[in-house]
Amino acid sequence: MGDSSLLLPGARKRTISTANLQNVVDEVGRFSRRTYSTSEARRSESGLSIVDTELGEDNERDNTISNTETIIHLLKGNIGIGVLTMPIAISNAGLVGGVLGMVFVALITIHCMHTLVNAAQKLVAKRDVDFLDYADTAEAAFLEAGGGWASKSQLIRRVVNIFLCMSQIGSNAVYILFVAQNLMPIAETHFSLGWNYRLYIAVLIIPVILICSIKNLKYLSPCSILANILEFVGLGIIFYYIFATPIPSPSSVPWFTSPKTFPIFFGTAIFAFEGISVVLPIENQMSKPKDMLGWHGVLNTSMVTIAALYIGMGFFGYLKYGAETAASITLNLP
């Protein structure tokens with residue numbers, strides 16, 4: 001790589017040494033290459049231009065993931081413990097009302113994901129950067145709007161990061177608690193450790209930190225594949241018990257319930273469709289980002305599969321267990 005220069009209007013050209021610049025690039029390259037934030041684009045608009053920013057041979061993106069790997073990550077990022085709560089969710093809306101409600105939530109979720117990815121790709125092309133994260137996309141959108149909106153770009157950036165942080169802390173706390181409470185009876189039955197579930201949570205922190213230390217999705221693909229295999233095996237066992245005996249008639253359960261319980265249904269359904277936070281990070285590491293969108297794109301393929309799984313689990317789970325449906329369908333299993 002040659003020396004990179006920063007040019008200021010009316011100022012002398014300053015040269016940054018190749019060694020120093022390479023050190024910075026190597027640090028950033030641990031997660032992704034050629035990443036420029038909105039603040040760089042904003043400085044460029046103010047008169048500071050960046051030239052000679054080639055960061056690799058032939059400007060190729062490094063450590064990219066294929067469309068198949070993208071689908072695997074999207075499935076893993078969206079299918080969580082929410083799928084186990086689908087029967088109880090539909091019980092709060094009725095058999096037909098729940099299915100219609102799930103279709104509505106799925107359409108809204110997929111539409112929002114498309115809007116997010118579409119906006120990010122347009123802003124990437126317009127601002128001539130490699131990609132933008134959530135906060136960058138929100139800030140760039142407000143800057144492009146101009147006027148009074150531009151002055152609020154920094155505020156919206158902070159708000160987006162705060163809500164993303166809250167969302168991830170909440171969902172991951174639920175996941176770790178779920179795993180700990182399901183791991184505890186198995187360990188106590190075979191080893192009689194006498195541990196409180198909080199100790200199991202503490203033990204789980206170690207593998208969680210190790211996995212979170214892997215920042216590149218290319219190297220996380222084997223973990224996602226293994227997780228998806230185990231997940232679908234577990235769901236297959238649940239469906240086996242659902243269909244092991246004859247399913248009751250649809251008339252055995254109410255088709256619609258009182259509107260008073262609909263908010264509980266929507267809250268549970270929205271919690272299940274929580275994967276929008278993983279869409280941009282995954283799209284940013286795709287070898288062909290344009291394949292994310294479109295009727296037959298990666299996003300639609302993944303989300304339609306997930307929605308069908310959720311609706312199937314909720315419909316047949318509630319139809320099977322009716323009024324005895326538990327908060328998690330695993331509690332209904334023999």
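Residues numbered from 1 in each chain as written. Predicted model: local features only at pLDDT ≥ 70, side-chain atom pairs only at ≥ 80, totals over all residues. Heavy atoms only, no water.

### Concerning a nonpolar patch on the surface
A surface patch of nonpolar side chains, about 570 Å² in accessible area, is lined by Ile225, Ile229, Val233, Ile237, Tyr240 and Tyr241. In this fold, isoleucine 225 is placed in helix 10 (residues 217-243). (Patch = residues over 30% accessible without salt bridge, like charges linked within 9 Å, V, L, I, M, F, W, Y side chains within 5 Å. Areas by Shrake-Rupley, 256 points an atom, 1.4 Å probe, with all protein chains shown as cover. Salt bridge = Lys/Arg side-chain N within 4 Å of Asp/Glu carboxyl O. Helix = DSSP H or I, 4+ residues; strand = E, 2+ residues; numbered from the N terminus.)

### Description of the packing of helix 5 (residues 95-127) against helix 13 (residues 298-321)
Where helix 5 contacts helix 13, the two axes come as close as 10 Å, and the packing angle between them is 160°. As far as their axial angle goes, helix 13 and helix 5 are roughly antiparallel. Of the two possible hands of crossing, helix 5 and helix 13 adopt the one that is right-handed. Facing Leu95, Val99, Met102, Val103, Ala106, Thr109, Ile110, Met113 and His114 of helix 5, the residues of helix 13 in contact are Leu299, Asn300, Met303, Ala307, Tyr310, Ile311, Phe315, Tyr318 and Leu319. (Axes fitted to C-alpha atoms, helices over the stretch in contact; angles between N-to-C directions. Parallel < 35°, antiparallel > 145°, perpendicular 65-115°, else oblique. Left-handed = near helix turned anticlockwise from the far one by under 90°. Contact = heavy atoms within 4.5 Å.)

### Concerning the nonpolar core
Membership of the largest hydrophobic core comes to 46 residues, with the highest contact counts inside it found for Val83, Met102, Ile238, Phe273, Met292, Tyr310 and Met313. When residues of this core are traced back to their parent elements, those giving at least two are helix 3 (67-78), helix 4 (86-91), helix 5, helix 10, helix 11 (262-272), helix 12 (279-284) and helix 13. In terms of residue count, helix 13 provides more of this core than any other element does, 10 residues in total. Ignoring sequence-local partners within four residues, the contact set of phenylalanine 273 consists of Met102, Val105, Ala106, Thr109, Met303, Ile306, Ala307 and Tyr310. Among the nonpolar cores identified, the runner-up in size contains six residues, and Leu123, Val124, Phe131 and Leu132 belong to it. (Core = buried A, V, L, I, M, F, W, Y, C linked by side-chain atoms within 4.5 Å. Buried < 20%, exposed > 50% of the residue type's maximum accessible area, 1.4 Å probe, protein only.)

### Details of the packing of aromatic side chains
Taken as a whole, this structure holds 11 aromatic pairs when the rule is applied. Judged by centre distance (5.4 Å) and plane angle (70°), the ring pair of tyrosine 240 and tyrosine 241 falls under edge-to-face. Assessed through its relative accessible area of 55%, tyrosine 240 is described here as exposed. The class for tyrosine 241 is partly exposed, based on a relative accessible area of 32%. (Phe/Tyr/Trp six-rings, centres within 6.5 Å; stacked < 30°, edge-to-face > 60°.)

### Things to note about the side chain of serine 328
In this fold, serine 328 is placed in the segment after helix 13. A distance of 2.8 Å separates a polar atom in the side chain of serine 328 from a polar atom in the side chain of threonine 330. (Polar contact = N/O pair within 3.5 Å; in protein donor to acceptor, adjacent residues only side chain to side chain.)

### Here we look at the environment of threonine 189
Here threonine 189 lies in helix 8 (residues 153-191). The class of threonine 189 is exposed, set by a relative accessible area of 61%. A polar contact is formed between the side chain of threonine 189 and the backbone oxygen of proline 185, at a distance of 2.6 Å.

### Details of unusual backbone geometry
In this model, aspartate 128 sits at a positive phi of 55°, which is unusual for a non-glycine residue. Checked against the element boundaries, aspartate 128 lands in the loop between helix 5 and helix 6 (134-145). Assessed through its relative accessible area of 68%, aspartate 128 is described here as exposed. Residue serine 192 is not a glycine yet carries a positive backbone phi of 50°. Looking at the secondary structure, you find serine 192 in the loop between helix 8 and helix 9 (197-212). The exposed category is assigned to serine 192, whose relative accessible area is 59%.

### Comments concerning the environment of threonine 137
Mapped onto the elements, threonine 137 comes out in helix 6. Excluding anything up to four places from it in sequence, threonine 137 contacts Ala120, Leu123, Leu132 and Leu280.

### Here's the deal with helix 9
The end-to-end C-alpha distance of helix 9, which contains 16 residues, comes to 22 Å, matching closely the 22 Å that a straight helix rising 1.5 Å per residue would cover. Remark: the principal bend of helix 9, roughly 25°, maps to isoleucine 205, with a proline, proline 207, within the next four residues. (Expected span 1.5 Å × (residues − 1). Bend = angle between axes of the 7 residues up to and from the residue.)

### Topic: the side chain of glutamate 188
Within the fold, glutamate 188 resides in helix 8. It turns out glutamate 188 is buried and unbridged, and the closest side chain with the opposite charge, arginine 198, is 13 Å from it. Within the local environment of glutamate 188, its side chain forms a polar contact with the backbone nitrogen of tryptophan 195, the two atoms lying 3.1 Å apart. Sequence-distant contacts of glutamate 188, that is, excluding residues within four places in its chain, are made with Leu193, Gly194, Trp195 and Tyr200. (Lys, Arg positive; Asp, Glu negative; His and termini not counted.)

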